[in-house]
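Letter by letter, the chains look like this.
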Amino acid sequence: MDLLNTLVDKGLRRELPTREEALAVLATTDDELLDVVAAAGKVRRHWFGRRVKLNYLVNLKSGLCPEDCSYCSQRLGSKADILKYTWLKPDEASQAAAAGLAGGAKRVCLVASGRGPTDRDVDRVSETIKTIKEQNEGVEVCACLGLLSDGQAERLREAGADAYNHNLNTSEGTYGDITTTHTYADRVDTVQKAHAAGLSACSGLIAGMGESDEDLVDVVYSLRELDPDSVPVNFLIPFEGTPLAKEWNLTPQRCLRILAMVRFVCPDVEVRIAGGREVHLRSMQPLALHLANSIFLGDYLTSEGQAGKADLEMIADAGFEVEGAGEVTLPEHRAAGGGCGSHTDTAGGGCGSHAGSHTDTAGGGCGSHASAGCGSHQDAGCGSHEGGGVCGTAAAVPAGEPRTDLVAVRRRGAGTDLAPNA
């Protein structure tokens, strides 16, 4: 296809595709899907080789969020039967983080539900960051605490944070249909605050909330303009007890097209498959590794994920390798301070450029709640397999039917007395 040849050439040059080209990727047929994956895979391998970065989520404070994000199980009025607990102590958070690091994770993402942190919350998280770094040499730490006030990003950076996560989630035009308690502009402002403070910025999206192809392209183009080092791609988990519980709009093929489009628009950025990969990609997860260079290991914020051992086996079986702690995630031009795509002289270190750098930074909370956190989004599931078999091993479900069997509330790890899944 001429389209795919053009997109590969542009990706290797870090040149922005046209909106028409991005929309055309989403409109390709199932017969063309493997060609799309192969083309985007060339761009992914050019900038990231066959490395896969592993990230691990620690939910510092779960549930009871005052925001009304429709996708989130921790939202105001949520009836989802999730774990609810207040702040973990620094040693508890460090212990949870150590489990993920032992499983091969390079970055720990510290997420807390809520609109945004108070100054006392920033002090609390700063102490947690210091404890984790003291007890785990070389670890990267990303914070995801919601909307930031002036000076808070700088304080987190001083405490040792490498990155900050805050997702845009959807297009500006449809944002008010998803959330009413804060604005799209609020989220943009927090990503900019993180960037200005010298944190590695991470911001992504949630697909599957009923948005159009145009909405998806809009939010990805907005992300490129914001210039994060990392773009987490979440696939909505229609969690029972939330307003979007009936929105089962995704197929594995649709998810692959979305990931390919993101890769073409942000060719040299860490693209992370975040919440919902087990539920919606299912047995197609290994193909997605040809598009994204980063995933979360183990469980998510409020839902169970695929067993950590299964993640590692999947990476190896697909011919990829886990990125080592000593390897810099981003290409040299970005690690030195470059931006998403064509901007090469923006301020701000690249992911992995400073002692530890982000995995999904840029924006979480206020959406960090169950859902967006650190890019992991709401919940994520494939918790159906009690502790973790590979997604898709449950009883056969007719094609196109909602896979509610692949969604399970997290009952282990942070906030419980049970060992975490890593």
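Looking at an unreviewed UniProt entry, one finds the protein chain named Biotin synthase and attributed to Streptomyces pharetrae CZA14. What UniProt records for the protein chain under Pathway (unreviewed entry) is the sentence "Cofactor biosynthesis; biotin biosynthesis; biotin from 7,8-diaminononanoate: step 2/2." You can read under Sequence similarities (unreviewed entry) in the UniProt record for the protein chain the words "Belongs to the radical SAM superfamily. Biotin synthase family."

Caption draft 1: Spotlight on the overall build of the protein chain. Within the protein chain one finds 15 helices and 10 strands. As displayed, the protein chain has an accessible area near 14,200 Å², and 49% of this comes from carbon and sulfur atoms.

Caption draft 2: Representation of the confidence of the model for the protein chain. Residues with a pLDDT of 70 or more make up 85% of the protein chain, whose mean pLDDT is 86. Within the model, the stretch residues 338-373 combines pLDDT values under 50 with 217 contacts to residues more than four positions away or in other chains.

Caption draft 3: How the structure looks around the UniProt feature "binding site: [2Fe-2S] cluster" (unreviewed entry) in the protein chain. Under the feature "binding site: [2Fe-2S] cluster" (unreviewed entry), the UniProt entry names Cys 109, Cys 142, Cys 202 and Arg 272. Separation in sequence by 164 residues is not matched in space for these annotated residues, since their most distant C-alpha atoms are only 14.0 Å apart. Here Cys 142 lies in strand β3 (residues 140-144). According to the relative accessible area criterion, Cys 142 is buried, its value standing at 0%. On the secondary structure map, Arg 272 appears in strand β8 (residues 270-273). Of the residues examined, Arg 272 reaches a relative accessible area of 0% and is grouped as buried. At a separation of 2.6 Å, a polar atom in the side chain of Arg 272 contacts the side chain of Glu 270.

Caption draft 4: The arrangement of the packing of helix α9 (residues 213-226) against helix α10 (residues 252-265) in detail. Following both chains from N to C, one finds α9 and α10 inclined at 35°, their axes separated by 10 Å at the closest point. Where α9 crosses over α10, the handedness of that crossing is right-handed. Residues Asp 213, Leu 216, Val 217, Val 220, Tyr 221 and Arg 224 of α9 form the contact with α10, whose participating residues are Arg 254, Ile 258, Met 261, Val 262 and Val 265. Each residue belonging to the contact of α9 with α10 can be placed in one class, and the counts come to 8 nonpolar, no polar and 3 charged.

Caption draft 5: Region of interest: the pairing of β3. Among the 5 residues in β3, 5 count as buried, and that is most of the element. The alternating pattern of β3 places Glu 140, Cys 142 and Cys 144 on one face and Val 141 and Ala 143 on the opposite face, and all of these are buried. Pairing analysis gives 5 bridges linking strand β2 (residues 107-112) to β3, with the strands arranged parallel. In the sheet register, Leu 110 faces β3, and the bridge partner there is Ala 143. With helix α5 (residues 119-135) bridging β2 and its parallel neighbour β3, the resulting β-α-β unit is right-handed.

Caption draft 6: Spatial organisation of the packing of α5 against helix α6 (residues 152-159). Remark: α5 packs on α6, axes separated minimally by 9 Å, with the N-to-C direction vectors making an angle of 20°. One finds that α5 runs roughly parallel with respect to α6. For the pair α5 and α6, the crossing hand works out as right-handed. Here Asp 119, Val 122, Asp 123, Val 125, Ser 126, Ile 129 and Lys 130 of α5 lie close against α6, whose contacting residues are Gln 152, Arg 155, Leu 156 and Ala 159. By residue class, the composition of the contact of α5 with α6 is 5 nonpolar, 2 polar and 4 charged.

Caption draft 7: Main features of the packing of aromatic side chains. Per the stated rule, a full pass over the model turns up 2 aromatic pairs. Measuring from ring centre to ring centre gives 6.0 Å for Tyr 175 and Tyr 184, while their planes differ by 65°; the resulting arrangement is edge-to-face. Using a relative accessible area of 2% as the deciding quantity, one classes Tyr 175 as buried. Of the residues examined, Tyr 184 reaches a relative accessible area of 9% and is grouped as buried. Between Phe 296 and Tyr 300, the aromatic rings sit 6.2 Å apart at their centres with planes inclined by 65°, giving edge-to-face as the arrangement. Comparing Phe 296 with Tyr 300, the two get one shared label, buried.

Caption draft 8: Inspection of the pairing of β8 at higher detail. By the alternation rule, side chains of β8 split into Glu 270 and Arg 272 and Val 271 and Ile 273, which are all buried. Two strands pair when backbone bridges link them, and strand β7 (residues 230-235) and β8 are joined in this way by 4 bridges, in the parallel orientation. Looking at the pairing, Val 231 lines up with Val 271 of β8. Following the chain from β7 across α10 to the adjacent parallel β8, one finds a crossover that is right-handed. In the sheet, β8 pairs with strand β9 (residues 294-296) via 2 bridges, with the strands oriented parallel. Among the inter-strand pairings, Ile 273 is bridged to a residue of β9, identified as Ile 295.

Caption draft 9: Representation of the environment of Glu 323 within the structure. Summarising the element assignment, Glu 323 is placed in the loop between β10 (321-322) and α14 (332-335). Take Glu 323: its relative accessible area is 3%, and that puts it in the buried class. Between the alpha carbons of Glu 323 and Lys 53 there is a distance of 5.0 Å; along the sequence they are 270 residues apart. Setting aside residues up to four positions removed in sequence, Glu 323 forms contacts with Arg 51, Val 52, Lys 53, Lys 106, Val 328 and Thr 329.

Scoring rules and cut-offs
Residues numbered from 1 in each chain as written. Predicted model: local features only at pLDDT ≥ 70, side-chain atom pairs only at ≥ 80, totals over all residues. Heavy atoms only, no water. UniProt positions renumbered as here; feature names shortened; annotations may be inferred. Helix = DSSP H or I, 4+ residues; strand = E, 2+ residues; numbered from the N terminus. Areas by Shrake-Rupley, 256 points an atom, 1.4 Å probe, with all protein chains shown as cover. pLDDT = per-residue confidence, 0-100. Contact = heavy atoms within 4.5 Å. Buried < 20%, exposed > 50% of the residue type's maximum accessible area, 1.4 Å probe, protein only. Polar contact = N/O pair within 3.5 Å; in protein donor to acceptor, adjacent residues only side chain to side chain. Axes fitted to C-alpha atoms, helices over the stretch in contact; angles between N-to-C directions. Left-handed = near helix turned anticlockwise from the far one by under 90°. Nonpolar A, V, L, I, M, F, W, Y, C, P; charged D, E, K, R; others polar. Pairing = 2+ DSSP bridges. Right-handed = clockwise from strand over helix to strand, strands pointing away. Parallel < 35°, antiparallel > 145°, perpendicular 65-115°, else oblique. Phe/Tyr/Trp six-rings, centres within 6.5 Å; stacked < 30°, edge-to-face > 60°.

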